[in-house]
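The residues making up each chain are set out below.
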Amino acid sequence: MEKNHLKHFDLDLYQETLPNGLLVNIIPKPGNNVYATFVTKYGSFDNVFVPQGKKKSYEAPMGVAHFLEHKVFEQKDGEDPFAFYTKNGADANASTSYLRTCYLFSGPEHVEENIEYLLDFVQNPYFTDENVEKEKGIIEQEIKMYDDIPYWKLYEKNLFNTFLKHPLRYPIAGTVESISKITKEDLYTCYDTFYHPSNMFLTVVGNVNPDTVMDCVRKNQAKKNYEKRGPIIRKEVEEPDRVFKKQEEIVGDVEIPKLSVAYKINAQDMDKNRLRNYLSFFFDLRFGSTSLLRERLKRENAITGGFSIDIMEAGKHILCMVSVDSKKPEYVLEEMNKEISDKTITALEVERKKKTLKSACIYQSDSVYSICDHVNSNLLHYGSIFLDEYSWIDSFCLEEAEEMISKITFEHQSSVILKRK
Amino acid sequence: MKYHKIEKTNYHLHVIETDKFKTVFVRVNFKRKLVKEEIVFRNMLVNVLFESTAKYPTKRLMEIQTEELYELGYRGSNYASGKYSIMGLDAIFLNPKYTEKGMLEESFAFLGEILFHPNVDKDGFAQEGYNIARHSLEDYLDSLKENPDSYAHMRLLEEMEPNTVLSYRGCGYPEDLKKVTRKKLYQYYQKVLKEDAVDIFVIGDVKAKEVEKLIEKYYPFTTRNYQSDSHFYQALKVHENVLFRKEEADLKQSKLLIGCQIKKATDFELRYVLNVLNYILGGSPNSKLFQNVREKNSLCYSISSSSQPLVSILTIKAGINAWEYDRACALILEQLEDIKNGKFEDKEIENAIITYKNSLKSYEDNPESMISLYAGVEYLQADTMENRIKKIEKVDRESVIALAAKIKLDTIFFLEGKEEYGKESFETF
């Protein structure tokens, strides 16, 4: 077990990769609560791959990763994991994103037992034709619930119009139609490929003793037979730079129209992690709460609330999405594009953003949830956990920001306006 | 952890000294009786105060200053606490140990600037900030239906008992907003500073004495604290025959809401037994509603119950297909009947008690939760953490059944989705 100090959180990190490939991260933190996540690097992006033991690639129905997240809770002996955690006074849950599926619990007591159960239930699910069918009605309601949220509808349409092939085009949960075709066999194919310990990691944060937790995980995993695996072969799609549809107006029952704009940026020949950070600075300066544009449009009563900004990676592209409520969406779109054509950044602004990033680390270090989510996101985006995030933040500078931002173009964009009929 | 309550003539200061957090959390609460017409005034007031100040005349300048203060977070909110309305202004910032010397004072001063030095001219609050605050509230009042869950909940309460504290809309009403002007709002602000009861809560690695000095320096309160009545409210009328109400909406999913009144419950029942009963009925993924309506019958994705002891009600909500209304309704009511008839296991009570105790323990890990806990002691005469842990243990099968007998089904509200599935949106897949 390796011990390192996380400077930015002022906490220690204990790590070990077990013989079966599972990476275990433990961060003891004073307090009562314990939060544990068991994560597979498998999300809705991983829809075309070569299944374990096969030669040909397989295309999964839309929404399988999320469907699987629901069904992993199904156990052969019929015990409901929720009942187990309730009995131990803990909360359990799970979620699926583009990049990963995460199973979790939080609770201050019976920690080792809870961790072991987390490993056991995720590593031993039981799918039948019957329990797969039963879940369809539940997920159908989940999809419909999100469809009824105007921003969700706008967001999904905007992604659909921005990409031609990349899976970011489609909703994580799929559609009512796509999930109706999912079978038990699909679930096992995806499960067997992506739920091998070598594609997973466990992160435990909170009031724990790292030695006893690591020991308990080691023993638990040693009891299970996992064969050595090579890397998973995922099929990358060839996504062009152009967007599927540049502009579209859709209708919905909304009082104030909503605008969403996606800028699709080719980042193939650049350091994507650094560019993503600089784009986040840049979009925040242009549209965030300290921007002149926001101030002016508020004064003109052209926007309600503020702009929300979302920066994502999709293959070789980085996507910057900006959305806002606006009574004059066409005008706001025009103003946004004018604003973004000015690529000036000042040294003062870069320094201010660096200060806020460092402060954010300290805020996060007060919460077991934030610490855990942060290190998990490090693992998913950078492949390892930052031991000293301050020095990473310090490495950002005006010269590099200017150079990177000057190289990119905002010409490939797609916008969607949601309005009343 | 050490709690100090310092009673001043103009306010009460509550300081929770603890080295558990790297942040300092400050909450200034203004409390008065909840009056329908005043709700928009209070919402406007929070919006305007947080839009600009004398020293930082635009939101942008305020935001830049918060970044300079190492990402100080600030916000205001209004909520109904039974018969009372509480306006809370918060600031959260890093302990100066992690930033630089003098930051404690500067951060307290920033919240003081918002509270006591607003951006005003001879006609009241400055025009620009006032306009922005007003547009934002108007737009919010116009778009309530965009969040179907909260809209349906609000409508259920209005059907249960219209025009009382049980159902006043938290955002206020357009007809009341019409009466607000820059001048009247400024007068209301002065009235709040004179008449509301003020409680200041501070939690962090700070000394009560030091905080007291900073408050005296930057928060020149002239309020006069008054004796408060109980916050608890009980609906005056109940529907002898269950009231059914239906409203149509452009939705794919319909929302089924069920409201129950709890008649003449004791203090212990409202504070403790109700919590356990709600947990068994629909407070967790292991609850009767979740297991029977969702897991066994696949009728919904989201289903839960929640209790509001301050107004003596219990509500249930589920998102379903419109055509499955009858089945869902029957199944939900069957779960409630089961509790009345004692059809639940002792184990379920134990689970509820363990969960209650563990969530209290988790409170200690979060500064905001700790403040809520002490605010509960101050406003609602709630028990301290130690006493809550003792009292929850006393809840047993008989007490749950006895409380269930006092729960009366009152209103069923159905927000019926009219949009046919698949007619738009993803036709291109």
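Residues numbered from 1 in each chain as written. Chains lettered and ligands numbered in written order. Predicted model: local features only at pLDDT ≥ 70, side-chain atom pairs only at ≥ 80, totals over all residues.

Moving on, we come to the overall build of chain B. The number of helices and strands found in chain B is 15 helices and 13 strands. Relative to a compact globule of 429 residues, whose C-alpha radius of gyration would be 22 Å, chain B shows 24 Å and is just as compact. C-alpha atoms of chain B, sized along the principal axes, occupy 60 × 50 × 50 Å. Expressed as a percentage of its 429 residues, the buried residues of chain B come to 44%. By sequence separation, contacts in chain B at least 24 residues apart represent 81% of the contacts at least 6 residues apart. (Helix = DSSP H or I, 4+ residues; strand = E, 2+ residues; numbered from the N terminus. Rg over C-alpha atoms; globule rule 2.2 N^0.38 Å. Buried ≥ 20, exposed ≤ 12 C-beta atoms within 10 Å, placed from the backbone. Contact = placed C-beta atoms within 7 Å.)

Once that is clear, we can look at the overall build of chain A. When you go through chain A residue by residue, the secondary structure sums to 15 helices and 14 strands. Relative to its length of 421 residues, chain A is compact, with a C-alpha radius of gyration of 23 Å against a globular reference of 22 Å. When its C-alpha atoms are laid out on the principal axes, chain A stretches across 65 × 50 × 40 Å. Relative to its 421 residues, chain A shows a buried fraction of 45%. Expressed as a percentage of contacts within chain A between residues at least 6 apart in sequence, the contacts between residues at least 24 apart total 80%.

To continue, consider helix H7 (residues 184-194) of chain A. All buried positions along H7 of chain A are accounted for by Leu187, Cys190, Tyr191, Thr193 and Phe194 of chain A. Looking at the packing, one finds that the buried side of H7 of chain A touches strand S4 (34-40), strand S5 (48-49), helix H1 (64-71) and helix H4 (129-147) of chain A.

To continue, consider the domain arrangement of chain B. Residues and elements named next belong to chain B. If you check the domain split of chain B, you get domain 1 (2-218) and domain 2 (243-417). Between the C-alpha centres of domain 1 and domain 2 there is a distance of 30 Å. Elements with a contribution of two residues or more to the side of domain 1 that touches domain 2: strand S2 (12-17), strand S3 (23-33), helix H5 (148-160) and strand S8 (197-204). At 8 residues, the largest contribution of residues to the side of domain 1 that touches domain 2 is made by H5. Residue composition of the side of domain 1 that touches domain 2, by class: 11 nonpolar, 7 polar and 6 charged. (Domains from an automatic or database assignment. Nonpolar A, V, L, I, M, F, W, Y, C, P; charged D, E, K, R; others polar.)

A few words on helix H13 (residues 368-382) of chain A. Residue and element names in this part refer to chain A. Between its first and last C-alpha atoms H13 spans 21 Å; for 15 residues at 1.5 Å apiece the expected length is 21 Å, and the two agree. Of all the positions in H13, only Val368, Ile371, Cys372, His374 and Val375 are classed as buried. Seen end-on, H13 carries its buried residues on one side only, within an arc spanning 165 degrees. Elements in contact with the buried residues of H13: strand S3 (23-28), S4, strand S9 (200-206) and helix H12 (347-364). Just past H13, the residue Gly383 takes up positive phi, approximately 85 degrees. (Expected span 1.5 Å × (residues − 1). Arc of directions from axis to C-beta.)

Residues and elements named next belong to chain A. Structurally, chain A comprises domain 1 (2-222) and domain 2 (247-419). Put simply, the middle of domain 1 and the middle of domain 2, counted by C-alpha atoms, are 28 Å apart. Listed per partner, the contact involves 33 residues of domain 1 and 31 residues of domain 2. Elements that contribute at least two residues to the side of domain 1 that touches domain 2 include exactly strand S1 (2-6), strand S2 (11-17), S3, S4, helix H5 (150-162) and S9. The leading source of residues in the side of domain 1 that touches domain 2 is H5, at 9 residues. Across the side of domain 1 that touches domain 2, the residue classes tally to 15 nonpolar, 11 polar and 7 charged.

The next point concerns the pairing of S8 of chain B. Residue and element names in this part refer to chain B. Counting buried positions along S8 gives 8 out of 8 residues, so the element sits mostly inside the fold. Here S8 shows two buried faces, one formed by Ala197, Asp199, Phe201 and Ile203 and the other by Val198, Ile200, Val202 and Gly204. With 7 bridges connecting them, S3 and S8 associate as antiparallel partners. Residue pairing for S8: Lys31 is matched across the bridge by Ala197. (Pairing = 2+ DSSP bridges.)

A few words now on the interface of chain B and chain A. Contacts between the two partners involve 52 residues from chain B, matched on the other side by 47 residues from chain A. Contributing elements (two or more residues each) for the side of chain B that touches chain A: helix H2 (59-68), helix H4 (127-142), strand S12 (313-320) and helix H12 (346-363) of chain B. Tallying contributions element by element places H12 of chain B first for the side of chain B that touches chain A, with 7 residues. For the side of chain B that touches chain A, a count of residues per class yields 17 nonpolar, 16 polar and 19 charged.

The subject of this paragraph is the sheet that holds S12 of chain B. All names here are of chain B. Taken in spatial order, the 5 strands of this open sheet run S9-S13-S10-S12-S11, and their pairing is mixed. Two strands in the sheet have a free side with no partner beyond their single neighbour: strand S9 (243-249) and strand S11 (303-308). Strand-to-strand, the axes of this sheet are offset by a mean angle of 15 degrees, without reference to chain direction. Across 6 bridges, the pairing between S11 and S12 is antiparallel. Paired with Ser306 across the bridge in S12 is Thr315. Where H5 meets the sheet, it contacts S9, strand S10 (254-262), S12 and strand S13 (407-417), and its direction lies at approximately 135 degrees from that of S13. (Axes fitted to C-alpha atoms, helices over the stretch in contact; angles between N-to-C directions.)

Let's shift gears to the sheet that holds strand S8 (residues 101-106) of chain A. Residue and element names in this part refer to chain A. Pairing within the open sheet is mixed, and its 7 strands lie in the order S1-S2-S3-S9-S4-S8-S7. Strand pairing shows two members of the sheet lacking a second neighbour, S1 and strand S7 (91-96), which therefore form its edges. Here the average twist between neighbouring strands, direction ignored, is 15 degrees. Pairing analysis gives 6 bridges linking S3 to S9, with the strands arranged parallel. Bridging across to S9, Val24 finds its partner in Leu202. Sheet strands touched by H1: S7 and S8. Its angle to S7, the strand with the most contacts, is close to 165 degrees. Helix H3 (residues 111-122) contacts S4, S8 and S9 of the sheet and is inclined by roughly 15 degrees relative to S4.

All names here are of chain A. At a closest axis distance of 10 Å, the pairing of H1 and H7 adopts a crossing angle of 95 degrees. Relative to H7, H1 is oriented roughly perpendicular. Within the contact between the two elements, H1 uses Val64, Ala65, Phe67, Leu68 and Lys71 and H7 uses Asp186, Leu187, Cys190 and Tyr191. Looking at the contact of H1 with H7 residue by residue, the class counts come to 7 nonpolar, no polar and 2 charged. (Parallel < 35°, antiparallel > 145°, perpendicular 65-115°, else oblique.)

Among the structural elements, Lys101 of chain B can be located in the loop between strand S5 (84-94) and helix H3 (103-116). Placed 151 residues apart in sequence, Lys101 of chain B and Lys252 of chain B show a C-alpha to C-alpha distance of 56 Å.

Once that is clear, we can look at the nonpolar core. Residues Ala36 and Leu118 of chain A together with Val276 and Leu277 of chain B are the most contacted members of the largest nonpolar core, which totals 177 residues. The next biggest cluster of nonpolar side chains, apart from the first, holds 40 residues, and it includes Val254, Ile265, Ala314 and Cys320 of chain A. (Core = buried A, V, L, I, M, F, W, Y, C linked by C-beta atoms within 7 Å.)

What follows is about unusual backbone geometry. Residues and elements named next belong to chain B. Backbone geometry at Tyr70 places phi at a positive 55 degrees, although glycine is not the residue there. You can see Tyr70 is positioned in the loop between H2 and strand S4 (73-81). With 22 C-beta atoms packed within 10 Å, Tyr70 lands in the buried category. A positive phi angle, near 50 degrees, is found at Lys264, a position not held by glycine.

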